[in-house]
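Here is what each chain is made of, one letter per residue.
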Amino acid sequence: MQLNGVAVFVTGGGSGLGAATARAMAAKGAKITVLDQSKGNAEKVATELRGVAIEADVTSEEQVKAGLAEAEAAHGVARVLVNCAGIGGTQRLLDRDGIIYPLEKFLRIISVNLGGTFNCVRLFAQRLVSVEAIGEERGVIINTASVAAFEGRGDGIPYAASKAGVVGLTLPAARDLAEYKIRVNTIAPGSFETPLLLGLPEEYRKRIGELVPHPARLGHASEFAGLAVHIVENGMLNGETIRLDGAYR
Ligand code: NAD
C-alpha cells in the first residue's frame, strides 16, 4: 500500500519510535493522527505534521473508540495502524530486602503493552472493514514488540511476557484479518535511542550500544520508522515479526 493520502493512526506517537514513524509516514504524504496519553507530546507532534492529536489511554475501549472516530472525521477511515504505545519497568521478582514484585504492576504492564495493542487492533479493524479495499488490500497493522519477547532480562519479566504476547498475536491476527485483506506485522526492536533510554546515564547507554555486534550502537528511531514504512509498502509481508537489532542476542 502506498502511504500518499492514506490516513494513519499512531499510538504512542507523541514520543520516540512512534513520533519518528509518524514523521516518516507524513513525509510520504500520509495524514497522521497521533494518539498518546501525554496530551502535550501528542499535540506537539500532530501540530508539526498538521495532523490530529488524541489524548487517550490505549487500554480504554471508550477512549480509543472516540479517538478513531475523531481521526476519521478529519481524515477518513484510517488504513494504517502503528501500535507504539508501551511502558517498561525493571524490578526483580524478589529483591534483597525480601520485597516481592507487586501483582498490580505486572498486570499494568501486560494491560498496556499487550491489552492496549489488542484493543487498538480490534477497534481499528472494526472501522476499517466498512471501506473498500484499495487494489488487493484494505489496510495494514504494525505492532511493536521487543527483542525481550525472545530474550528478556531477569529484571523485566512482565515486559518480556507482554512483548512475547504481542509476537504471539501477530500470526493469528494476520490469519484472522486475511479475509478482510488487512495485513498484520510486528517489529521487535533491540535498543533504540528514544526518551525511554535517554533517561539512563550516558555511560550505561554507551555500554548497551557496544553490546550490539554490528553496528555497535543504539538504533536510531528513524531506522525503526524506515522499516515501518517498508512494511506498509510491501504487500507480501504478513504475519511476521521482524527483529531490528544489529544481530544483538
Ligand atoms: P517512549 O517512551 O519514547 O514512547 C512511548 C509512548 O507511549 C510515550 O509517548 C507514552 O506517553 C505512550 N504511552 C505509554 N503508555 C500509554 C498508554 N497507556 N496509552 C497511550 N499512550 C501511552 O518509548 P519508545 O522507545 O518510543 O517505545 C515505543 C515502543 O517500542 C514501546 O512499546 C516500547 O516497549 C518498544 N521498544 C522500545 C525499545 C527502545 O529501545 N526504545 C526497544 C524495544 C521495544
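Residues numbered from 1 in each chain as written. Predicted model: local features only at pLDDT ≥ 70, side-chain atom pairs only at ≥ 80, totals over all residues. Heavy atoms only, no water.

Visitor: Let's hear about helix H1 (residues 16-27): which residues, and what values?
Guide: The end-to-end C-alpha separation of H1 is 17 Å, in line with the 16 Å expected for twelve residues at 1.5 Å each. Those residues of H1 that fall on the buried side of the exposure criterion are Gly 16, Leu 17, Gly 18, Ala 19, Ala 20, Thr 21, Ala 22 and Met 25. At the C-terminal side of H1, Gly 29 shows a positive phi close to 95 degrees. (Helix = DSSP H or I, 4+ residues; strand = E, 2+ residues; numbered from the N terminus. Expected span 1.5 Å × (residues − 1). Buried < 20%, exposed > 50% of the residue type's maximum accessible area, 1.4 Å probe, protein only.)

Visitor: Would you mind going over the site of the ligand in detail, with residue names and values included?
Guide: Close to the ligand lie 28 residues; Ser 15, Asp 36, Tyr 159, Phe 192 and Thr 194 are nearest. Between Gln 37 and the ligand, the recorded distance is 3.2 Å, taken from a backbone N or O atom to a nitrogen atom. Contact distances for the ligand include 2.7 Å between an oxygen atom and a backbone N or O atom of Phe 192. Relative to its free-state accessible area of 820 Å², the ligand is covered by the protein chains to the extent of 93%. In this structure, the ligand is accommodated by the largest pocket. Secondary-structure elements contributing two or more residues to the shell around the ligand are H1, helix H4 (103-128), helix H5 (157-178) and helix H6 (195-198). Take the shell around the ligand: its biggest share by element is three residues, from H6. (Near = heavy atom within 4 Å. Polar contact = N/O pair within 3.5 Å; in protein donor to acceptor, adjacent residues only side chain to side chain. Areas by Shrake-Rupley, 256 points an atom, 1.4 Å probe, with all protein chains shown as cover. 1 Å grid on protein atoms, 1.4 Å probe; cavity = no way out; pocket = protein on both sides within 12 Å on 5 of 7 lines; lining within 4 Å. Sits in = over half its atoms within 2 Å of the grid points.)

Visitor: Any chance you could break down helix H3 (residues 61-75) for me, citing the residues and the numbers?
Guide: Here H3 is 15 residues long and its end C-alpha atoms lie 21 Å apart, about the 21 Å a rise of 1.5 Å per residue gives. Check the buried side of H3 and you find it contacts strand S1 (7-11), strand S2 (31-36), strand S3 (52-55) and H4. In the segment just after H3, Gly 76 is the residue with positive phi, at about 90 degrees. (Contact = heavy atoms within 4.5 Å.)

Visitor: I'd love a proper account of empty space enclosed by the protein, names of residues and values included.
Guide: Considering all chains together, one arrives at one cavity of 30 Å³ or more under this definition. The computed volume of the largest cavity comes to approximately 60 Å³. For the largest cavity, the full set of lining residues is Ala 7, Leu 68, Ala 71, Glu 72, Gly 76, Val 77, Ala 78, Phe 124 and Arg 127. No other element matches the three residues that H3 contributes to the lining of the largest cavity. Its residues assigned to classes, the lining of the largest cavity shows six nonpolar, one polar and two charged. (Points joined across faces, edges and corners; volume = space filled by probe spheres on them. Nonpolar A, V, L, I, M, F, W, Y, C, P; charged D, E, K, R; others polar.)

Visitor: Explain a nonpolar patch on the surface residue by residue, including any values.
Guide: A grouping of Leu 93, Leu 94, Ile 100 and Ile 157 is seen on the molecular surface, where their side chains present a nonpolar patch of about 400 Å² in accessible area. Along the polypeptide, Ile 157 turns up in helix H5. Residue class for Ile 157 comes out partly exposed when judged on its relative accessible area of 40%. (Patch = residues over 30% accessible without salt bridge, like charges linked within 9 Å, V, L, I, M, F, W, Y side chains within 5 Å. Salt bridge = Lys/Arg side-chain N within 4 Å of Asp/Glu carboxyl O.)

Visitor: How would you explain the pairing of S3 if you had to name every residue and give the values?
Guide: Looking down a regular strand, the side chains alternate between one sheet face and the other. Because side chains alternate across S3, one face comprises the buried residues Val 52 and Ile 54, and the other comprises Ala 53 and Glu 55, none of which is buried. Note: S2 against S3, four bridges, orientation parallel. Pairing of Leu 35 across the sheet is with Ile 54, part of S3. Assessed by its sense of winding, the connection that carries the chain from S2 through helix H2 (residues 39-48) to S3 is right-handed. (Pairing = 2+ DSSP bridges. Right-handed = clockwise from strand over helix to strand, strands pointing away.)

Visitor: Which residues make up the pattern of salt bridges, and what are the values?
Guide: A side chain with one charge may pair with a side chain of the opposite charge, provided their charged atoms come close. Enumeration according to the criterion identifies 14 salt bridges in this entry. A salt bridge links Arg 217 to Glu 223, with the nearest nitrogen and oxygen atoms 2.7 Å apart. Overall, Arg 217 belongs to the partly exposed group, its relative accessible area being 32%. Across the salt bridge formed by Arg 243 and Asp 245, the nearest N and O atoms sit 2.8 Å from each other. Judged by relative accessible area, Arg 243 falls into the partly exposed class, the value being 24%. According to the relative accessible area criterion, Asp 245 is buried, its value standing at 11%. Salt bridges sharing partners connect three or more residues here, namely Glu 151, Arg 243, Asp 245 and Arg 249.

Visitor: An account of the sheet that holds strand S6 (residues 182-189) is requested, with residue identities and associated values reported.
Guide: Strand pairing in a sheet takes place through backbone hydrogen bonds and is either antiparallel or parallel in direction. Strand order in the open sheet formed by seven strands is S3-S2-S1-S4-S5-S6-S7, and the pairing between neighbours is parallel. The open sheet terminates on both sides in strands that have one partner only, identified here as S3 and strand S7 (241-244). The average undirected angle you get between the axes of adjacent strands in this sheet is 15 degrees. As paired strands, S1 and S2 are joined by five bridges and run parallel to one another. Bridged to Val 8 within S2 is Ile 32. The strands touched by helix H8 (residues 221-233) within the sheet are strand S4 (80-83), strand S5 (139-144), S6 and S7, with S6 carrying the most contacts at an inclination of about 160 degrees. (Axes fitted to C-alpha atoms, helices over the stretch in contact; angles between N-to-C directions.)

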